[in-house]
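Structure at a glance
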Amino acid sequence: METHGGQVERLSHFLHKNLLWLLLGSYAVAAAWPEPGLKARSVSVGEVALFHERVNLSLPVLTLAALLLNAGLGVQVSQLRGLARRPVMLLAGLAANLLIPVSYILGVSLVMDAWHNPDEVQNILVGLALVASMPIAGSSTAWSQNADGDLALSLGLVLGSTLLSPLTTPLALHAVGFMARGDYAEDLHELAAGGAGAFLAVGVILPSLLGIALRQCAGERRVTAAKPALKLVNTGVLLFLNYSNASASLPQAIARPDPDFLAATLAIVVGLCVLMFAAGWSLARLFRAARDRRVALMFGLGMNNNGTGLVMASLALADHPRVLLPIIFYNLVQHLVAGAADRIIQDGEARPPAR
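Bear in mind the structure is a predicted one, so any value in this text is a computation, not a measurement. (Residues numbered from 1 in each chain as written. Predicted model: local features only at pLDDT ≥ 70, side-chain atom pairs only at ≥ 80, totals over all residues. Heavy atoms only, no water.)

What about the environment of Arg294?
Mapped onto the fold, Arg294 is located in helix H15 (residues 291-302). Put simply, Arg294 and Leu283 are 11 residues apart on the chain and 8.1 Å apart in space, counted from C-alpha to C-alpha. Excluding residues that lie within four positions of it along the chain, Arg294 makes contacts with Trp281, Ala284, Arg285 and Ala289. A distance of 3.2 Å separates the side chain of Arg294 from the backbone oxygen of Ala289, its partner in a polar contact. (Helix = DSSP H or I, 4+ residues; strand = E, 2+ residues; numbered from the N terminus. Contact = heavy atoms within 4.5 Å. Polar contact = N/O pair within 3.5 Å; in protein donor to acceptor, adjacent residues only side chain to side chain.)

Here we look at the packing of aromatic side chains
Centre-to-centre distance and the angle between the planes together describe a pair of aromatic rings. If you walk through the whole model with that rule in mind, you get two aromatic pairs. Relative to Phe299, the ring of Trp143 has its centre 6.0 Å away and its plane inclined at 20 degrees; by these criteria the two rings are stacked. Of this pair, Trp143 sits in helix H8 (residues 139-146) while Phe299 sits in helix H15, and the two are 156 residues apart along the sequence. In this structure, Trp143 and Phe299 share a single accessibility class: buried. Centroid distance Phe277 to Phe299: 6.1 Å. Interplanar angle 85 degrees. Geometry classified as edge-to-face. Of the two residues, Phe277 sits in helix H14 (residues 259-286) while Phe299 sits in helix H15, which places them 22 residues apart along the sequence. Residues Phe277 and Phe299 agree in their burial class; the two are buried. (Phe/Tyr/Trp six-rings, centres within 6.5 Å; stacked < 30°, edge-to-face > 60°. Buried < 20%, exposed > 50% of the residue type's maximum accessible area, 1.4 Å probe, protein only.)

As structure tokens, this is what we get:
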């Protein structure tokens, strides 16, 4: 008779194997039935004040924190010490996370210069600027954990990019501000003066540290025994976050479609996302890194914290609502590309080696 632990492990493996289809299903449900997702986003347990800023402890923020808490539980302190002693790959990943997207946006601005609607180009550039300026997404740790990636490197990329965001976010926004024109450029330079330090601290840094502390208290054996359950929780939280984010974005894109603008935006966003995933894998290969570190760097570079970008854009760029579309698309596309990359990894490992 199968034990409860065996059932959890089988369910966790089944969900992980079919995660790409589950993600597509969550988007379809969000487009057809967004109301529960919108209500979930409005649920809040209160506010906290930090760094002279107030952070609303909404359900999406709490679920993001749960992902990072879970990731912290999977990190061995000895691995973090090793990462600190050999930080070259971490530093290279953080540098690539800033420089590659900004270079890509420069290329887009040059290629799109002849586009028939200059205002659409500016909307795309500003939206991409918000994507490029955000720290690495906390959800990348869930993908890395589910794919047996190096969690120390994965969490190090999230924490490192978050801690550096007071410096890197303004740099990216100013850089794209020099490529943009008119009031779009002014808005980017003004936005560069703002920050999201309190949100990142509450949603990313504190839960990660708490997870690491809980692992130390619980002990290695207990955490290892709970690994299938932790992966199961990761999958559930990931699907919920995707559904709730899509509930706030997909209906808007469907209600007022602009075919050529939507097609151009989607193509550019997919190009950036695929480039970042490929850059992570290639950079790790350049360093001749082991498979687990390649996985961590690939998911880290490919996924950005676009929830924060959406909030910043909706508040500071309310007069340009279409700048939200590139951020919305990237938020959706990055998980689809992550699911596809995860499936490719699975298929590659399942395939017997060539004789």
